[in-house]
Amino acid sequence: MTNKRTPGYWLMKSEPDTFSIDDLLKAKNQTSPWDGVRNYQARNYIRDEMKIGDLAFFYHSSCKVPGIVGLVEIVKSAYPDHTALEPKSPYYDPKSSAQNPRWYMVDVKFKQKYDEPLSLEVLKMNPKLKGFKLLNRGNRLSILPVSLQEWKTIQAMI
DNA sequence: GCCAACGTTGGC
DNA sequence: GCCAACGTTGGC
């Protein structure tokens, strides 16, 4: 018997100069590994909590208009991020090894690109999103959980 | 490009 | 285990 599980909700940040939602759109099967996460808390979310079928907002950071630009689905759960083992990769980490991988990634599949990005500026104005991790002062997590309430609130703003 | 906030590193 | 120094993130 299959145990149907409530999907988890996430927000995943990427700098569009490095990997944008359009890059994901153009990827084979509109699917791509989400590599390069090098933060332990984000790694733990990926490795321990992200499951196939979970949904995530795709967020563009460090760009002209930071904000949520679309929606993706987790289609492969955590496996070792091999870029950590490649000396030429910008994500190389000499302390990681194939025997004892330090970093993990998931595969994400494109679901939707919004007609208009939902900007950080607009998100900040919604009082219902008080407490949303993205809006916390000094927040630097590149992968963060979104509660069902937050998810619904944000969906209603699109 | 600036800089506040935060995470990581390493000496002790 | 503390904490100063350093590196990175990311909005502005």
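As shown above, the structure is provided for reference.
All of these numbers come straight from a predicted model, not from anything done at the bench.

Conventions used here
- Residues numbered from 1 in each chain as written.
- Chains lettered and ligands numbered in written order.
- Predicted model: local features only at pLDDT ≥ 70, side-chain atom pairs only at ≥ 80, totals over all residues.
- Heavy atoms only, no water.
- Helix = DSSP H or I, 4+ residues; strand = E, 2+ residues; numbered from the N terminus.
- Contact = heavy atoms within 4.5 Å.
- Near = heavy atom within 4 Å.
- Polar contact = N/O pair within 3.5 Å; in protein donor to acceptor, adjacent residues only side chain to side chain.
- Nonpolar A, V, L, I, M, F, W, Y, C, P; charged D, E, K, R; others polar.
- Buried < 20%, exposed > 50% of the residue type's maximum accessible area, 1.4 Å probe, protein only.
- Arc of directions from axis to C-beta.

Participant: Where do I start with the environment of lysine 76 in this structure?
Facilitator: Tracing the backbone shows lysine 76 in strand β4 (residues 67-80). Sequence spacing of lysine 76 and tyrosine 92 is 16 residues, and the spatial spacing of their C-alpha atoms is 22 Å. The contact partners of lysine 76, leaving out residues within four places of it in the chain, are Ile52, Val106 and Asp107.

Participant: What is the right way to look at the protein's contact with DNA strand B in this model?
Facilitator: Lining the immediate surroundings of DNA strand B are Tyr40, Lys95, Arg137, Gly138 and Arg140. Within 4 Å of the protein, the contacting atoms of DNA strand B are drawn from sugar and phosphate to the extent of 67%. Interatomic distance of 2.6 Å between a side-chain N/O atom of arginine 137 and a phosphate oxygen of DNA strand B. Classifying every residue of the surface near DNA strand B gives one nonpolar, one polar and three charged.

Participant: When you look at helix α4 (residues 148-157) in this model, what are you seeing that I'm missing?
Facilitator: Among the residues of α4, those classed as buried are Glu150, Trp151, Thr153 and Ile154. Down the axis of α4, the buried set is contained in an arc of 165°. They therefore lie on one face. Opposite its buried face, α4 presents the exposed residues Gln149 and Ala156, each directed more than 90 degrees away. Packed against the buried residues of α4 are β1 (9-14), β3 (55-60), β4, β5 (104-119), α3 (120-125) and β6 (143-145).

Participant: Explain the protein's contact with DNA strand C to me, please; I cannot follow it from the model alone.
Facilitator: Close to DNA strand C lie Lys13, Tyr59, Ser61, Ser62, Pro66, Leu120, Lys124, Asn139, Arg140 and Leu141, which account for all nearby residues. Within 4 Å of the protein, atoms of DNA strand C come from sugar and phosphate in 81% of cases. Separating a phosphate oxygen of DNA strand C from a side-chain N or O atom of lysine 13 is a distance of 2.9 Å. When grouped by side-chain class, the residues that make up the surface near DNA strand C number four nonpolar, three polar and three charged.

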